[in-house]
Every structure is written in structure tokens, then in C-alpha cells.
Amino acid sequence: MTARSSTVAFLGTGLMGSRQARRLLDAGYHVVVWNRSPDKAHALVPFGARVAETAAAAAAAAPLTIAMLENGRIVDEVLFRHGAAAAMPRGGIFVDMSSIKPAEAQHHAAQLGESGVRHIDAPVSGGTVGAEQGTLAIMAGGDADAYRAVEPVLRIMGRPTHVGGHGAGQLAKLANQIIVAGTIGAVAEALILAERGGADPAKVRDALRGGFADSRVLELHGDRMIRRDFTLKGRSVTHLKDLDNALDAARTLGLGFTPFTAATEELFRGLLEHFGDLDHSGLFAEIERRNRPLPNPANEA
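Just so we're clear, the structure is a prediction, and the values are computed from it rather than from any experiment.

Thresholds, definitions, all that
Residues numbered from 1 in each chain as written. Predicted model: local features only at pLDDT ≥ 70, side-chain atom pairs only at ≥ 80, totals over all residues. Heavy atoms only, no water. Core = buried A, V, L, I, M, F, W, Y, C linked by side-chain atoms within 4.5 Å. Buried < 20%, exposed > 50% of the residue type's maximum accessible area, 1.4 Å probe, protein only. Helix = DSSP H or I, 4+ residues; strand = E, 2+ residues; numbered from the N terminus. Axes fitted to C-alpha atoms, helices over the stretch in contact; angles between N-to-C directions. Parallel < 35°, antiparallel > 145°, perpendicular 65-115°, else oblique. Left-handed = near helix turned anticlockwise from the far one by under 90°. Contact = heavy atoms within 4.5 Å. Expected span 1.5 Å × (residues − 1). Arc of directions from axis to C-beta. Pairing = 2+ DSSP bridges. Right-handed = clockwise from strand over helix to strand, strands pointing away. Polar contact = N/O pair within 3.5 Å; in protein donor to acceptor, adjacent residues only side chain to side chain. Salt bridge = Lys/Arg side-chain N within 4 Å of Asp/Glu carboxyl O.

Asker: Explain the nonpolar core to me, please; I cannot follow it from the model alone.
Answerer: Note that soluble globular proteins tend to have their nonpolar side chains buried in a common cluster. Residues Phe10, Leu24, Ile66, Val95, Met97 and Met157 are the most contacted members of the largest nonpolar core, which totals 31 residues. Put simply, the parts of the chain that give this core at least two residues each are strand 1 (7-11), helix 1 (17-26), strand 2 (30-34), strand 4 (64-67), strand 5 (93-96), strand 8 (136-142) and helix 8 (144-157). Looking at this core, the element that brings in the most residues is helix 8, giving six residues. With 23 residues, the next largest nonpolar core counts Trp34, Ala52, Ala105 and Val117 among its residues.

Laid out in C-alpha cells, this is it:
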């Protein structure tokens with residue numbers, strides 16, 4: 001599939017999908033977009049996109065359909081209740097870049113295969129910055145031939161890696177989310193410790209860079225924590241969903257002891273309960289909240 005001669009259908013043009021679709025448009029692909037909230041799809045018209053009224057109409061217009069949707073239930077609805085699967089041309093490829101359960105990806109692959117449509121699960125990591133810059137880490141699962149066919153398109157959006165069969169991309173994404181969540185929590189805890197002890201957290205962050213504690217999380221999320229700027233770039237509600245999916249997959253695979261995943265899942269649940277859907281670096285706020293001094297009853301006497 002080469003630019004300037006291929007049409008791609010893109011289902012889901014929210015925070016991530018809109019930026020990914022822009023990358024394809026800038027690369028010369030003809031892109032037909034659909035979104036449940038039509039205004040988000042129409043926002044891409046000035047950049048050359050064509051808006052389809054339904055998901056099925058978008059899928060019918062292209063040999064390749066890409067989805068970036070909120071969760072597995074919505075992917076299932078768009079494919080099989082809204083008619084996108086039935087509309088895809090036989091021999092076409094469906095690339096699901098949503099973050100869903102591995103078992104859901106395997107189920108979708110089997111259902112699509114019955115109608116002659118190939119399936120690749122290809123969730124991503126890198127947030128809105130990676131989506132804008134085309135530097136997303138893309139973890140792909142599915143048939144190797146289908147992957148090779150869509151790899152040029154995926155490379156417009158980031159760095160794709162074929163990690164195994166159907167559902168393997170989703171497993172890789174869950175592994176990513178476990179690591180990212182744990183690292184966000186560790187960076188938050190470390191910066192709070194430094195600040196509470198009288199050190200300048202910004203200077204501590206600078207001092208750690210280049211050593212073994214350095215990471216993209218320390219660089220980007222650490223800066224957001226120091227500035228206490230938790231404007232949405234990576235949704236906490238989405239990260240919690242991924243951690244829930246990771247715990248579900250672990251149970252399915254017979255892994256009964258997942259302490260880091262369980263701990264960070266509980267922290268994200270608290271974050272959403274007390275602060276709402278902040279950027280996932282907002283885990284800092286929840287850890288900070290739990291470290292506030294408790295009221296002293298003696299002072300109330």
C-alpha cells in the first residue's frame with residue numbers, strides 16, 4: 001500500500017485518532033474518516049479528509065480500515081452492530097489500534113476471517129505527542145503476510161513491530177501499560193519524597209537524568225508533576241482500563257501474583273474517584289493526597 005494511490009478508512013478520530021489520521025493525510029493517503037461524534041471527524045476536512053456518515057460507509061470505501069476506539073465493547077459494536085465488518089471488501093485488512101483485551105482481539109480476528117477479512121491488532125504507546133510526531137511504538141499481532149501488507153502505513157504513524165499472532169499486540173500493550181503505570185507511580189513517589197525533605201524536585205529530576213533512573217516518564221511526566229500540569233495527554237480512565245485488562249489476562253493465564261499491577265490499578269482508581277480523568281501523570285496528585293497529614297484530634301479539643 002503506497003501513498004497517493006491508496007485509500008484508508010479511519011474509524012475513531014478522538015485525541016489519538018485525529019492525529020494519526022493527520023499523519024496519513026500529510027503523507028498523501030486518501031483518508032475517509034468516521035467518528036461517533038461527527039464534529040471530530042469534520043475537523044479533519046480542512047486537511048483533506050472525506051467524512052463518511054457511517055462506519056460501514058467508511059469501511060466500504062477502502063481496502064484498509066484502521067480503528068482507534070475506546071474499548072473492546074465499542075470495537076465490537078462498530079464492527080458487527082454498525083455494519084463495518086460486513087462492509088469491508090473481501091481480502092481487505094482491518095487494523096485495530098485500540099487497546100482492548102487479547103481475547104477480544106482474537107475473537108474479532110476469527111469473526112472477520114469468516115468473511116475473508118484479515119485482522120491485525122496494533123495498539124500503540126506514545127500519547128498525543130507520539131501521534132503528532134509519528135513516533136508511536138506500535139505493537140502488532142496477527143498474520144505475518146497481513147502485517148507486511150500494512151507495515152508501510154503503520155510506519156507513517158510510528159515504529160511498528162510484529163510481536164506474534166492474533167492478540168499478541170494487545171499483550172505487548174498490556175506489558176507496556178504495566179511498566180508505564182509503575183514508573184509513573186515511582187517517579188511521583190520519588191519527587192514527593194524529595195520535596196517533602198526540602199530538596200528542589202526540579203533539580204532532583206535534573207540530577208537523575210542520564211543515570212539508571214532516567215526514562216521518558218521522568219523526562220515528560222516528571223516535568224508535568226513538578227509543574228502540576230495534568231492537562232489530558234494520556235487519559236487516566238484509559239490507563240485504568242488497560243490495567244484492569246492486564247489483571248484479567250493474568251488471571252486467564254494462571255498468574256495469581258501481580259503486585260505492581262494491582263497496586264497501580266488501585267492508585268488509578270483512587271485518582272479517578274478524587275480528581276476525575278486527569279492526564280495519567282496526575283497519579284502524582286493521588287499519591288500526594290494520600291500523604292497529607294491526618295487531622296490531629298487533640299487540636300480539635
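Asker: Would you mind showing me how to read the packing of helix 9 (residues 168-196) against helix 14 (residues 283-290) here?
Answerer: Packed helices, taken two at a time, are described by the angle their axes make and the gap between the axes. Closest axis-to-axis distance for the helix 9/helix 14 pair is 9 Å, and the angle between their directions is 50°. In terms of orientation, helix 9 lies oblique with respect to helix 14. Between helix 9 and helix 14 lies a crossing of right-handed hand. Side by side, helix 9 and helix 14 meet where Ala181, Ile184, Gly185, Ala188, Glu189, Leu191, Ile192 and Glu195 of the first sit next to Leu283, Phe284, Ile287 and Glu288 of the second.

Asker: It is not clear to me how helix 13 (residues 259-275) should be interpreted in this structure. Could you clarify?
Answerer: In this model, helix 13 (17 residues) spans 24 Å end to end at C-alpha, consistent with the 24 Å of a helix rising 1.5 Å per residue. Regarding helix 13, the residues found buried are Thr261, Thr264, Glu265, Leu267, Phe268, Gly270 and Leu271. Residues of helix 13 that are buried in the fold lie against helix 9, helix 12 (236-252) and helix 14. Within two residues after helix 13, Gly276 carries a phi angle of roughly 85°, on the positive side.

Asker: In this structure, what is going on with the environment of Ile179? I would like to understand it.
Answerer: Relative to the elements of secondary structure, Ile179 occurs in helix 9. Taking the C-alpha atoms as reference points, Ile179 and Phe260, separated by 81 residues in sequence, lie 9.0 Å from one another.

Asker: What should I look at first to understand helix 6 (residues 102-114) in this one?
Answerer: Helical geometry note: an α-helix holds 3.6 residues per turn, so side chains three or four residues apart project in the same direction. End to end, helix 6 covers 19 Å across 13 residues, agreeing with the expected 18 Å (1.5 Å per residue, within 8%). Among the residues of helix 6, those classed as buried are Pro102, Ala105, His108, Ala109 and Leu112. Down the axis of helix 6, the smallest arc covering the buried residues is 120°, so these residues share one side. Turned more than 90 degrees off the buried face of helix 6, the exposed positions are Ala103 and Glu114. Buried residues belonging to helix 6 abut helix 4 (72-81), helix 5 (84-87), strand 5, strand 6 (118-121) and helix 9. The positive-phi residue at the C-terminal boundary of helix 6 is Gly116, with phi of around 80°.

Asker: Honestly, the pairing of strand 6 in this entry has me stumped. Any pointers?
Answerer: It is a general feature of regular strands that their side chains alternate between the two faces of the sheet. The sheet contact formed by strand 5 and strand 6 spans four bridges and is parallel. The residue of strand 6 that forms the bridge with Phe94 is His119. Tracing the backbone out of strand 5, into helix 6 and back to the parallel element strand 6 gives a crossover that is right-handed. The pairing of strand 6 with strand 8 spans two bridges and is antiparallel. Looking across to strand 8, one finds that Asp121 is bridged to Gly141.

Asker: Explanation requested: the environment of Arg269 in the structure shown.
Answerer: Within the secondary structure, Arg269 sits in helix 13. Ignoring anything within four residues of it in the chain, the contact list for Arg269 reads Leu240 and Asp244. At 2.3 Å, the side chain of Arg269 forms a polar contact with the side chain of Glu265.

Asker: Can you help me understand the side chain of His280 in this one?
Answerer: For His280, the position within the fold is in the loop between helix 13 and helix 14. Dropping the residues within four chain positions of it, His280 is found in contact with Val180, Ile184, His221, Gly234, Ser236, His239 and Phe268.

Asker: It is not clear to me how the pattern of salt bridges should be interpreted in this structure. Could you clarify?
Answerer: Note that side chains of opposite charge can pair when their charged atoms are close. Applying the stated criterion across every chain yields a total of 22 salt bridges. A salt bridge links Glu288 to Arg228, with the shortest nitrogen-to-oxygen separation between them at 2.5 Å. Linking Glu288 in helix 14 with Arg228 in the loop between helix 11 (216-227) and helix 12, this pair joins segments that are 60 residues apart in sequence. A salt bridge links Asp277 to Arg235, with the shortest nitrogen-to-oxygen separation between them at 2.7 Å. One end of the pair, Asp277, is in the loop between helix 13 and helix 14; the other, Arg235, is in the loop between helix 11 and helix 12, and 42 residues separate them in sequence.

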